[in-house]
Amino acid sequence: MALNLNRNLKLYYSIKEVAEMFGLNESTLRYWETEFPFLRPKTAGPSKVRQYSEKDIEQIKLIYNLVKERGFKIAAAKKIINANRDGAEKRAEVLTRLIAVRDDLQALKRELDGLQ
């Protein structure tokens, strides 16, 4: 069996690392944990240090997409997730892919403009 070098070997991320991934404050993540019951990172040690798994990060991506990118209020985001979680996840994934494609096309256009 070949070694997969692209695989992320980290199992858990700190609240600081996750906040930096999304450009959020740590307090925003803590608040989202109180508002969205499905977002419950593992806590370790007597100081209850939060440890976010890849699944937790996927949940945060969904919330981030609804609240920060699409501009929904927390209550509306909750309703959307509760009413049609799979649909909301798929729309968030499609939007993320489209944004990545747009960014790639813009970078390609800048390179082409630089050749002229």
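Scroll up for the structure.
A brief look at the structure comes next. (Residues numbered from 1 in each chain as written. Predicted model: local features only at pLDDT ≥ 70, side-chain atom pairs only at ≥ 80, totals over all residues. Heavy atoms only, no water.)

Counting secondary structure elements, the protein contains five helices and two strands. Relative to the globule expectation of 13 Å for 116 residues, the C-alpha radius of gyration of the protein, 17 Å, shows a markedly less compact shape. By principal-axis analysis of the C-alpha atoms, the protein measures approximately 60 × 40 × 30 Å. Looking at the protein as a whole, 27% of its 116 residues qualify as buried. A total accessible area of about 8500 Å² is found for the protein, and carbon and sulfur atoms account for 55% of it. When the 22 positive and 16 negative side-chain charges of the protein are each reduced to one mean point, those points stand 6 Å apart. (Helix = DSSP H or I, 4+ residues; strand = E, 2+ residues; numbered from the N terminus. Rg over C-alpha atoms; globule rule 2.2 N^0.38 Å. Buried < 20%, exposed > 50% of the residue type's maximum accessible area, 1.4 Å probe, protein only. Areas by Shrake-Rupley, 256 points an atom, 1.4 Å probe, with all protein chains shown as cover. Lys, Arg positive; Asp, Glu negative; His and termini not counted. Charge placed at Lys NZ, Arg CZ, Asp CG, Glu CD.)

Another aspect to go through is a nonpolar patch on the surface. A contiguous nonpolar surface patch, about 510 Å² in accessible area, is contributed by V101, L105, L108, L112 and L115. With respect to the helices and strands, the residue L115 is situated in helix α5 (residues 85-115). For L115, a relative accessible area of 70% translates into the label exposed. (Patch = residues over 30% accessible without salt bridge, like charges linked within 9 Å, V, L, I, M, F, W, Y side chains within 5 Å. Salt bridge = Lys/Arg side-chain N within 4 Å of Asp/Glu carboxyl O.)

For the coordinates displayed, the defined rule picks out two aromatic pairs. On the numbers, 5.5 Å between centres and 45° between planes, the contact of F22 with Y64 is tilted. Placement of the pair is F22 in helix α1 (residues 15-22) and Y64 in helix α3 (residues 54-69), with a sequence separation of 42 residues. Judged by its relative accessible area of 22%, Y64 falls in the partly exposed class. (Phe/Tyr/Trp six-rings, centres within 6.5 Å; stacked < 30°, edge-to-face > 60°.)

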